[in-house]
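The primary structure of each chain is shown beneath.
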Amino acid sequence: MEVSKRSFLAVIPARYASSRLPGKPLAEIAGEPMIAHVWRRACGSSASRVVVATDDERIREALAPYGAEVVMTRPDHASGTDRLAEVAETLALADEAVLVNVQGDEPLIPPALVNQVAARLHDDPEASIATLAEPIMDVETLFNPNVVKVVRALSGRALYFSRAPIPWDREHFVARPEMLATDAWLRHIGLYAYRASFLTDYRDWAPAPLEQLEQLEQLRALHHGHAIQVAMAAEPNPGGVDTEEDLARLRKLFGAPEGEG
């Protein structure tokens, strides 16, 4: 499949068997399944095509009334990236095709961020991946292991991702751990753009040692010497749904009753 120089596909991996919230893509928000909200947001981007990649017929059936394109994938993928690799193969995408992985649990993802991450990858032809970050403004967030931090080079390329508070302020964190001295700390936003050729390679690699320690799959790409571009997000990302508390927060933002669904 031939693509224009700046075009991209938005792919939304949607796995039914979430460990924390089983059936999460179908959780109801304002009268619609969460995955429908995500799909609608992705359709608001400049993507030439929006595809939901799932392993469960219930998700396909829930999206049928919306006319969403759904690609059925294997149920045994270890990550959303592996699921994207199957989509790229199924759709016979050209090596240079750009795919944006839109998380299926972010019903308020700004379409502008989807466009931005695709554009960033197009702007760096030697990078295999592009992603986004935003400043960390408080110590609680910095020291939270559930918040992924990223350090990048002058070029914008990622040096490392970690759940630890990196970089470590040797002088201030010992004496005044409650203070953030500069704006050096960045929170990683889990929105990725990939080249199809990279996805073909990725699926053949075993998990890397650092990836297994941190439980961060992007470290597999760094382990194999691939460049990851990290742009500062053009606007705030409201975040997604990992817990019941997150789901209640999103329902409130949509104006739906917290006990819904």
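Here, every reference points to the structure presented above.
What counts, and where the lines are drawn
- What you see as residue numbers is a count from 1 along each chain, following the sequence as written.
- Thresholds applied to this predicted model are a pLDDT of at least 70 for local features of residues and 80 or more for the giving and counting of side-chain atom pairs; totals over whole chains, interfaces and linings are not thresholded and use all residues.
- Hydrogens and water are ignored here; the side-chain numbers use all heavy atoms of the structure.
- Secondary structure is summarised from DSSP: a helix means a run of H or I of at least four residues, a strand means a run of E of at least two, and numbering begins at the N terminus for each.
- Think of it in three bands: with a 1.4 Å probe and only protein chains considered, a residue is buried below 20% of the maximum accessible area for its type, exposed above 50%, and partly exposed in between.
- In protein, a polar contact means a hydrogen-donor-capable atom and an acceptor-capable atom, both N or O and within 3.5 Å, with residues adjacent in sequence counting only if both atoms are side-chain atoms; elsewhere, any N or O pair within 3.5 Å suffices.
- Contacts are residue-level and defined by heavy atoms, with any inter-residue pair within 4.5 Å sufficient.
- In the sections that follow, a salt bridge refers to a side-chain nitrogen of Lys or Arg positioned within 4 Å of a carboxyl oxygen of Asp or Glu.
- Within the patch definition used here, like charges are joined within 9 Å and nonpolar side chains (Val, Leu, Ile, Met, Phe, Trp, Tyr) within 5 Å, considering only residues with over 30% relative accessible area and no salt bridge.
- Surface exposure here means Shrake-Rupley accessible area, sampled with a 1.4 Å probe, where a residue is shielded only by the protein chains that are shown.
- Just so you know, the count uses Lys and Arg for positive and Asp and Glu for negative, and it drops His and the chain ends.
- The atoms used to mark charge sites are NZ of Lys, CZ of Arg, CG of Asp and CD of Glu.
- In this analysis the probe radius is 1.4 Å and the grid spacing 1 Å, with only protein atoms considered; a cavity is a set of points the probe fits into but cannot get out of, a pocket is an open set with protein on both sides within 12 Å along at least five of seven lines, and lining residues have an atom within 4 Å of a point.
- Grid points are joined across faces, edges and corners, and a volume is the space filled by probe spheres set on the points.

A. Highlighting unusual backbone geometry. In this chain, Ile-166 is followed by Pro-167 through a cis amide linkage whose omega measures -10°. Position of Pro-167 relative to the elements: it lies in the loop between strand 9 (158–162) and helix 6 (172–175). Not every positive phi belongs to a glycine, and Ala-92 is a case in point at roughly 55°. By secondary structure assignment, the location of Ala-92 is in the loop between helix 3 (80–90) and strand 6 (98–101). Note on Ala-92: relative accessible area 47%, which makes it partly exposed.

B. Looking closely at the side chain of Arg-220. Among the secondary structure elements, Arg-220 is positioned in helix 9 (residues 218–223). Reaching out from Arg-220, the side chain makes a polar contact with the side chain of Tyr-202 at a distance of 3.5 Å. The contacts of Arg-220, once residues within four sequence positions are left out, are Tyr-202, Trp-205, Ala-206, Pro-207, Ala-208 and Glu-211.

C. Here's a closer look at the pattern of salt bridges. Within this structure, the stated rule accounts for 11 salt bridges. Here the salt bridges do not stand alone but share partners, grouping Asp-124, Glu-126 and Arg-157 into one network.

D. Broad picture of helix 10 (residues 244–253). Taken together, the buried positions of helix 10 are Asp-246, Leu-247, Ala-248, Leu-250 and Arg-251. Phi turns positive, to about 80°, at Gly-255, one or two residues after helix 10.

E. Looking closely at a negative patch on the surface. On the surface, Asp-95, Glu-96, Asp-201 and Asp-204 cluster together to form a negatively charged patch. Tracing the backbone shows Asp-201 in helix 7 (residues 196–202).

F. A look at the layout of surface pockets. Roughly 1,900 Å³ of internal volume is contained in the largest pocket. If you trace the largest pocket, you find 48 residues lining it, with Lys-24, Gln-103, Asp-105, Arg-163 and Asp-242 closest to the centre. For the lining of the largest pocket, the elements supplying multiple residues, two or more each, are strand 1 (9–14), helix 3, strand 10 (186–195), helix 8 (209–214), helix 9 and helix 10. At six residues, the largest contribution of residues to the lining of the largest pocket is made by strand 10.

Structural measurements only, silent on function.
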